[in-house]
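Chains, contacts and geometry: an overview
The primary structure of each chain is shown beneath.
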Amino acid sequence: MDKILEGLVSSSHPLPLKRVIVRRVVESAETPLSQAQCRAMFALSTRLVLQGPDPFQRQVGRQVLEAYGRYHRAEFEAFFNRGLVLGLLQRGYGELSNRDPAILDYIQAGLRLIMSCPSVLELFELLQVEALRLVCERPAPPLCARLCQLLGDFPQCLPRGRKLSLAFCQQLVRSIAHFQSQGSREAELRLYVSQVTQVSGLLRSVWKAEPDTLLPSLQELFAVISAADTSFEPSVALASLVQHIPLQMITVLIRSLTTDPNVKDASMTQALCRMIDWLSWPLAQHVETWVIALLKGLAAVQKFTILIDVTLLKIELVFNRLWFPLVRPGALAVLSHMLLSFQHSPEAFHLIVPHVVSLVHSFKRDGLPSSTAFLMQLTELIHCMMYHYSGFPELYEPILEAVKDMPKPTEEKIKLILSQSAWTSQSSSLPSCLSRLSGKSETGKTGLINLGNTCYMNSVIQALFMATDFRRHVLSLNLNGCNSLMRKLQHLFAFLAHTQREAYAPRIFFEASRPPWFTPRSQQDCSEYLRFLLDRLHEEERTLKALSSAKTSESIMNEESQTQEPAHKAQVFAEAPCRGSEERTLIEKMFGGKLKTTICCLNCRSMSQKEEAFTDLSLAFCPPTSLENVGPKSMERSEVKDDCVVQTNTLAASPAGETPLSNLEVNGGCDTMMSEGTIKDISTEPNSENTTNSELNKVQDNRDMSQRLVGKNTLSVTDLLNYFLAPEILSGDNKYYCEKCASLQNAEKTMQIIEEPEYLILTLLRFSYDPKCHIRRKILDNVSLPLVLELPVKRATSPLAVVPGGWSVGVEISDIGENLAKKLKPSGADEVTCPQLVPYTLSSVVVHSGVSSESGHYYSYARNVTGPGPSGLCHQSTALPLVFPQDKLLTEESPCAVVENELDTEMPREWFLFNDSRVTFTSFQSVQKITSRFPKDTAYVLFYKKQNSTCGFNTNSSNGLWVNGDPPLQKDLMDAITKDNKLYLQEQELSARTQALQAATASCSFRPNGFDDNDPPGSCGPTGGGGGGFSFGDKIKDFEKACYLGLRAAVCHR
């Protein structure tokens, strides 16, 4: 029968005839045959299966082998023995190589036929050894996939025992690393992917059946991809293994890898780069999850050098993967993490910027829902990066044009994304033996290091920095080549905005801005420092403008003829101050206001008026004696200068015709503790005979009202400002010399704000001089801070006729009975029109903690107040009036109560607490209650921002200059920040490595994070904080590691 069959299949008869005869031969397998005939049929069918020249003969061989093997099982068991299988696996069959997949096909068919025979157990043992040998020989993808299919169908052939199983898994990982596709056509690539999937599927089955083999297999995988051998590049087919690793192991594995001192930086860099290459592998799942986890793990242990190198090497490759839909989701996830975490330099982002527009257009042309969704994610990512690295309009304008139709994320969302993505925000993954990463806090704000009792400066700088419009103006100045104080402030603001450090040391700025009379390393008055700083900036800018004007004038004069030069030069310099006075300085634009002081003689009713500029208003407290005897504000100890009884701290001498900026401060027993009898009732004055009865009656009525007001539990800033603006009687030693009367007369002095500042700075005069003890004591009274107040501004001109000499004569204006200040103090001459109420929103509060100006601590509360109208502001719809009607003061809620009732609607995490190096989130409720909780901590300097004002800024410009609200930094500033950020990352990495080495020989301890709520935020000393966490020990024991490494060496040697 075998001869007939052999001759038939090799004959030239038609194929249909051959198939009919073959079917008869297969059917005859049921008839009894001798052992020799069976062996002949098995040998022939084996030869046809393995060496058949065409598919027909190989098919005939399989049919005959299966039919005769099924009906003559005993004979086939004797034929398909250990010797035959071993020979096939080691020597092949004739000219057929032992590495041909057909060998494994034949063996698998034979195993199915003898599964019920006892001899199959012997073959299983043989195949267990041969399978391990075969994977050690690095089989090609077709053979390895066929082997894995065989082992999958017959798991009894898998190597048994822990050692053999470990060796098999590790060698199979090595084999996959050597896989290479043999073609580039789609059909060939699909076949290659299916072969790799077959192999990785077998490994998953082994890991599931024997979990002990998983971790050693992964360590082998890391050893392969971290190898520095340039002659061998592991296959990206290794990516197929990632989807089979349980995600629950991410934390343990990443922590083990990143903290293992035996893993060198070069190895980790190589491994991470190759894992990123795996993003190219189609159908692989969770590759991006593991890549991002490893990036975060490296950031947690502060190995920033690796992260920088890998990002710059691979960012373009990851971006290019966005062109391929199969791998786009994973590539976009990795790209987003790499870009958002690389915040110290624009270098990585700018590598992909040239390719963004073409990709965006490609997504738009697709028109598919998936492409649109990816485009929205990409657009959000690009906006975040342009926000963080503004100042490159030539690069960003094409991108902005391409994505103009896509939704843009809000500034708050962008800030949140950036703050959560930075490398320095990955501290949650730190092991317990490493201290907390000293990166920016979750607020995204930067603290200022205390250089030795410099909290007075730190608190003021943070308040100025949080004055958004002022900060933006400072950052937008072009000060290249200038070594001015404003340039140093710009440098400081730039670092506060863009540094990666938790806190910045402002040494250069401190030395440049410290008043000469301030003793280094001693506590100073923050309001005095603020005033000096603003004065310096104002005078410096004015001087620079004058020099610039002079240079321009000289260039013009050089073009004139020699005969006209003297006259023209004199004329130009005479006009220069006038031109300079027309241009207001930045300090004047931001903080400058104007106050008009009017003195009215109570005898002849003549008036003298004077206007003065101010940068801040100093608000005095009512003296304790006013509880019993509150009359008009007495000015007995003030000096009358230039017809104005107001003490001023002016800027440096101004040119003729220029009004200086000043700090206005009311004396007369309100900021000074005086002995008994200092404040005198006007009715007891010896020269009060000229005071009319109507004025005296007003004084008595106001005294009654004052007693009710002072009797309130808590004063508000509104009350103090009303007291500041209230009319004052000049009497006794402070009588006013009236030129019209030609004698000293009682007079009434009133002050009116005629031009409001952009930022209203209010200083509460808490430090009073005690003449008995010769020290400055602190007034610890609690003051309620209105979130929104309205400032009365009288812009209308007075109808009074001004006579020569500054005197004016007019009619008496009666009391209107609506202004609390008029009820508190006697009313004198006033404007005809009512003041316009200008709303202001609280921006910052500088708090002093302590009982003396020479000691204690300063810190500040602040929030971002930006944009015109209600956007970005809190409680704008409920503005608190500065002046309350009398009946409401007596019967309704106070301004403080109104604000407290509105606290529930406050935006979350809107306020920040700046306490030197530490910055934390807080709330306006905490600001209001600070003094009630900690009596020594009191509001001292307040910053209010005028509502509905943009200061000329357009932050929504589409030209790329203002994509993040703040102006772009100049190149030298950005370079300095980038350089410092890299230095900071290197410092953190070095510190982390040192701590890791120390932790290897020391036990880990838990330290609580944060300061206790029972401690005031203004307390001096260390702020506490630190690391915290738990110990872990999930690495393989040294003994087990030695065992499996030894086994691997033995297997490889074999």
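Going by the structure above, here's the rest.
Now for a look at the structure at hand.

Thresholds, definitions, all that
- Residues numbered from 1 in each chain as written.
- Predicted model: local features only at pLDDT ≥ 70, side-chain atom pairs only at ≥ 80, totals over all residues.
- Heavy atoms only, no water.
- Phe/Tyr/Trp six-rings, centres within 6.5 Å; stacked < 30°, edge-to-face > 60°.
- Helix = DSSP H or I, 4+ residues; strand = E, 2+ residues; numbered from the N terminus.
- Buried < 20%, exposed > 50% of the residue type's maximum accessible area, 1.4 Å probe, protein only.
- Lys NZ or Arg CZ within 6 Å of the ring centre and 35° of its normal.
- 1 Å grid on protein atoms, 1.4 Å probe; cavity = no way out; pocket = protein on both sides within 12 Å on 5 of 7 lines; lining within 4 Å.
- Points joined across faces, edges and corners; volume = space filled by probe spheres on them.
- Pairing = 2+ DSSP bridges.
- Disulfide = S-S within 2.5 Å.

Some details on the packing of aromatic side chains
- On inspection of all chains with the given rule, the structure shows 22 aromatic pairs.
- Considering the side-chain rings of Tyr-858 and Tyr-940, the 6.3 Å spacing of their centres and the 25 degrees angle between planes classify their relative orientation as stacked. Pair noted here: Tyr-858 is in strand β22 (residues 857-863) and Tyr-940 is in strand β25 (residues 937-946), with a separation of 82 residues, a long-range link.
- A residue is classified by how much of its surface remains accessible, and Tyr-858, at 1% relative accessible area, is buried.
- Between the aromatic rings of Tyr-859 and Tyr-861, the centroid separation amounts to 5.9 Å while the plane-to-plane angle is 70 degrees, which identifies the pairing as edge-to-face.
- Three or more aromatic residues joined by ring pairs make a cluster, and in this case those are Phe-42, Phe-76, Phe-79, Phe-80 and Tyr-106.
- The ring centre of Phe-912 lies 5.2 Å from the NZ or CZ of Lys-445, which sits over that ring.
- Over the aromatic face of Tyr-759 sits the side chain of Lys-945, whose NZ or CZ is 5.6 Å from the ring centroid.

Points about empty space enclosed by the protein
- Enumeration over the complete set of coordinates arrives at 14 cavities of 30 Å³ or more.
- In this model, the largest cavity occupies a volume close to 110 Å³.
- Lining the largest cavity are 13 residues, with His-388, Tyr-389, His-498, Met-974 and Ile-977 sitting closest to its centre.
- Counting residues per element, the lining of the largest cavity draws most heavily on helix α36 (residues 971-999), which supplies four residues.

Digging into the pairing of β25
- Counting buried positions over the ten residues of β25 gives ten, a clear majority of the element.
- Examined bridge by bridge, strand β14 (residues 759-764) and β25 share five bridges and lie antiparallel to one another. Residue Ile-761 lies in a different strand from β25, and its bridge partner there is Phe-943.
- Pairing analysis gives nine bridges linking strand β21 (residues 836-849) to β25, with the strands arranged antiparallel. Pairing of Tyr-840 across the sheet is with Lys-946, part of β25.

Things to note about the state of the cysteines
- According to the stated counting rule, one finds zero disulfides in the structure shown.
- Cysteine Cys-601 shares no disulfide, and the gap to the nearest cysteine sulfur, in Cys-604, comes to 3.7 Å.
- Between Cys-741, a cysteine without a disulfide, and Cys-604, which holds the nearest cysteine sulfur, the sulfur-to-sulfur distance is 3.6 Å.
- Owing to a relative accessible area of 22%, Cys-741 belongs among the partly exposed residues under this scheme.

Topic: the environment of Arg-133
- One can find Arg-133 in helix α8 (residues 120-136).
- For Arg-133 and Gln-171, which are 38 residues apart along the polypeptide, the C-alpha to C-alpha distance reads 9.3 Å.

Focus on the pairing of strand β15 (residues 767-770)
- As paired elements, β15 and strand β16 (residues 775-778) share four bridges and run antiparallel to each other. Among the inter-strand pairings, Tyr-769 is bridged to a residue of β16, identified as Arg-776.

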